[in-house]
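Residue-level listing of the chains:
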Amino acid sequence: MARSRYRPERGNASAAEATSKVDASMLLKYIHDWIHVHLLKHKSGSTHTWMSYRMAVRQFMEYLATLGVTATTISTEHFAPKVLTDWMRWLKEVRGNCGATINARLAAIRSMLHYLATQDVSLAILRVNAGLVEPMPEERKGKVWLTRDAVSALLSVPDPGTRTGLRDRTLMLLLYGLALRIDEALSLTVGQMHVDDRSRSINIIGKGGRMRPLYTPPAVVEDLERYIREFHGPSPKGGDYLFYSPWRGTKGKLSQEAVRKRLLLIAKEAHEICPDVPLGLSAHAFRRSRAQHWREDGINLVEIQALLGHSDITTTMIYLDVSEQEKRNALEKMAVDMGGDVEKAWDTKTVSDLLAALDLE
């Protein structure tokens, strides 16, 4: 592949840019701990995620090295929005990465900056400023949102009078009603259900083991209670998977592939009722659609972030294709809450032995 004519721009740091007393050695220590301690502890179930995050930091440090940055001169200024934006352009023009890969790398850096903010409050502004960075356009099929009529059509297909129909309808109600990730739904156990008490909640265990209790709408509760009676009997065991596949007398976890096949069959039938139903329906479409419908109903971005279980509000913004004005409003509110300002800045001092300092060679 021919090298592009990419050249990093030079500029002066804005006087309004937030400053930090964190020196280069401490900054690198925080980043090192995030990669080699924090991620290994909290991403232990996903080697792929750890490798992806590690690669993002490596490539960011490689970019800084092209600017002449060394392990003794790296500073908070090198995480300014302009630097991150130019790094993304470098990934595209020099390394040949696609938009989706570049955006995944950016998400990793944002996650890292979130961790840094927990280690030193003076670094919190870096996380806020990183949220100002525009994602790289991606060449892909449009995001699939189900209309409300499409959701109704899908829910009308399964016959709740049959065991399979009751299971399929209950699963779709949970995927849509609570905007669950497919693995969150299939990992649910009976013991996580609290729909028969006053709270009417379900304890969802999301990414990184984070728990979020979600209120369960009455319409979902009715089907869910019926489903539990039918599939788990009068004395359900708390440790059993809510949705299971019987195998040799055990209740194994229902596979995502089995769900995918069922949804395609249901979508084909529902499409005859409502042409809005996509024939290539995926479980994730329910989650994305619920989030979009919450937004249409006037629920604010911060509340939607909590309901979806996103650790970073910028993820919610990308998820919903939020307008630029909505992004600015949310980020400005976050900055006020943190006691800081949202400012853009740029500086390109230089550094070079970063990979060795971070054990990324």
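Residues numbered from 1 in each chain as written. Predicted model: local features only at pLDDT ≥ 70, side-chain atom pairs only at ≥ 80, totals over all residues. Heavy atoms only, no water.

Caption draft 1: Molecular detail of the overall build of the protein chain. If you tally the helices and strands in the protein chain, you get 15 helices and five strands. Expressed as a percentage of its 361 residues, the buried residues of the protein chain come to 47%. Considering only intrachain contacts with a sequence separation of at least 6, the fraction spanning at least 24 residues in the protein chain is 68%. Of the roughly 18100 Å² of accessible surface on the protein chain, a fraction of 52% belongs to carbon and sulfur atoms. (Helix = DSSP H or I, 4+ residues; strand = E, 2+ residues; numbered from the N terminus. Buried < 20%, exposed > 50% of the residue type's maximum accessible area, 1.4 Å probe, protein only. Contact = heavy atoms within 4.5 Å. Areas by Shrake-Rupley, 256 points an atom, 1.4 Å probe, with all protein chains shown as cover.)

Caption draft 2: Summary view of the packing of helix α1 (residues 24-42) against helix α4 (residues 99-119). Direction vectors running N to C along α1 and α4 enclose 115 degrees, while the axes themselves pass 10 Å from each other. On the basis of the axis angle, α1 is roughly perpendicular to α4. Considering the relative orientation of α1 and α4, their crossing is right-handed. Contacts between α1 and α4 involve L27, Y30, I31, D33, W34 and H38 on the former and, on the latter, A108, S111, M112, Y115, L116 and Q119. (Axes fitted to C-alpha atoms, helices over the stretch in contact; angles between N-to-C directions. Parallel < 35°, antiparallel > 145°, perpendicular 65-115°, else oblique. Left-handed = near helix turned anticlockwise from the far one by under 90°.)

Caption draft 3: How the structure looks around unusual backbone geometry. The phi angle at A179 is positive, at roughly 55 degrees, despite the residue not being glycine. Among the secondary structure elements, A179 is positioned in the loop between α7 (163-177) and α8 (182-186).

Caption draft 4: Molecular detail of the pairing of strand β3 (residues 211-215). Here β3 shows one buried face, formed by R212 and L214, and one open face, formed by M211, P213 and Y215. In terms of strand pairing, strand β2 (residues 201-205) meets β3 through five bridges, oriented antiparallel. Directly across from I204, in β3, lies its bridge partner R212. (Pairing = 2+ DSSP bridges.)

Caption draft 5: Main features of the confidence of the model for the protein chain. When the pLDDT values of the protein chain are averaged, the result is 79; 78% of them are 70 or greater. Scored below 50 in pLDDT, residues 1-5 shows six contacts in the model against residues more than four places distant or in partner chains. This stretch, residues 10-19, has a pLDDT under 50; its non-local contacts, to residues over four places away or in other chains, come to 19 contacts. (pLDDT = per-residue confidence, 0-100.)

Caption draft 6: Main features of helix α9 (residues 218-232). A rise of 1.5 Å per residue sets the reference length of α9, with its 15 residues, at 21 Å; its end C-alpha atoms lie 20 Å apart and thus fit the reference within 8%. Every buried residue of α9 is listed here: V220, V221, D223, L224, Y227, I228, F231 and H232. Contacts made by the buried residues of α9 are with α7, β1 (193-194), β2, β4 (244-247) and β5 (250-253). (Expected span 1.5 Å × (residues − 1).)

Caption draft 7: View of helix α3 (residues 81-93). Counted at 1.5 Å a residue, the expected span for α3 with its 13 residues is 18 Å, and the 18 Å between its end C-alpha atoms agrees. For α3, the complete set of buried residues consists of P81, V83, L84, D86, W87, M88, W90 and L91.

Caption draft 8: Representation of the pattern of salt bridges. Scanning all chains against the criterion turns up 16 salt bridges. Here R58 and E62 are joined by a salt bridge, their closest N and O atoms 3.2 Å apart. On the criterion of helical spacing, the pair formed by R58 and E62 is a turn pair, its members being four residues apart in helix α2 (residues 47-66). Among the charged side chains, a network of salt bridges with common partners joins R148, R290, E296 and D297. (Salt bridge = Lys/Arg side-chain N within 4 Å of Asp/Glu carboxyl O.)

Caption draft 9: Looking closely at the packing of aromatic side chains. Per the stated rule, a full pass over the model turns up seven aromatic pairs. When the ring of Y63 is compared with that of W90, the centres are 5.6 Å apart and the planes differ by 50 degrees; the resulting orientation is tilted. Note that Y63 is positioned in helix α2 and W90 in helix α3, a separation of 27 residues in sequence. Consider the rings of F231 and Y244, whose centres lie 6.2 Å apart with planes at 75 degrees: the pair is edge-to-face. In this pair, F231 sits in helix α9 while Y244 sits in strand β4, placing the two residues 13 residues apart along the sequence. One exposure class covers both F231 and Y244, and it is buried. Taken together, the aromatic side chains of Y227, F231, F243 and Y244 make up a single cluster linked through ring pairs. The side chain of R163 reaches across the aromatic face of F231, ending 4.1 Å from its centre. (Phe/Tyr/Trp six-rings, centres within 6.5 Å; stacked < 30°, edge-to-face > 60°. Lys NZ or Arg CZ within 6 Å of the ring centre and 35° of its normal.)

Caption draft 10: Broad picture of the side chain of Q192. Within the secondary structure layout, Q192 lies in the loop between α8 and β1. Here N203 takes part through its backbone oxygen, which lies 2.5 Å from a polar atom of the side chain of Q192. The contact partners of Q192, leaving out residues within four places of it in the chain, are S187, S201, I202, N203, I204 and I205. (Polar contact = N/O pair within 3.5 Å; in protein donor to acceptor, adjacent residues only side chain to side chain.)

Caption draft 11: Main features of the environment of T118. Among the structural elements, T118 can be located in helix α4. A relative accessible area of 51% places T118 in the exposed class. Within the local environment of T118, its side chain forms a polar contact with the backbone oxygen of Y115, the two atoms lying 2.5 Å apart.

Caption draft 12: Representation of the sheet that holds β1 within the structure. Pairing is antiparallel across the open sheet formed by three strands, whose spatial order is β1-β2-β3. Of all strands in the sheet, those with a lone pairing partner are β1 and β3, marking the two edges.

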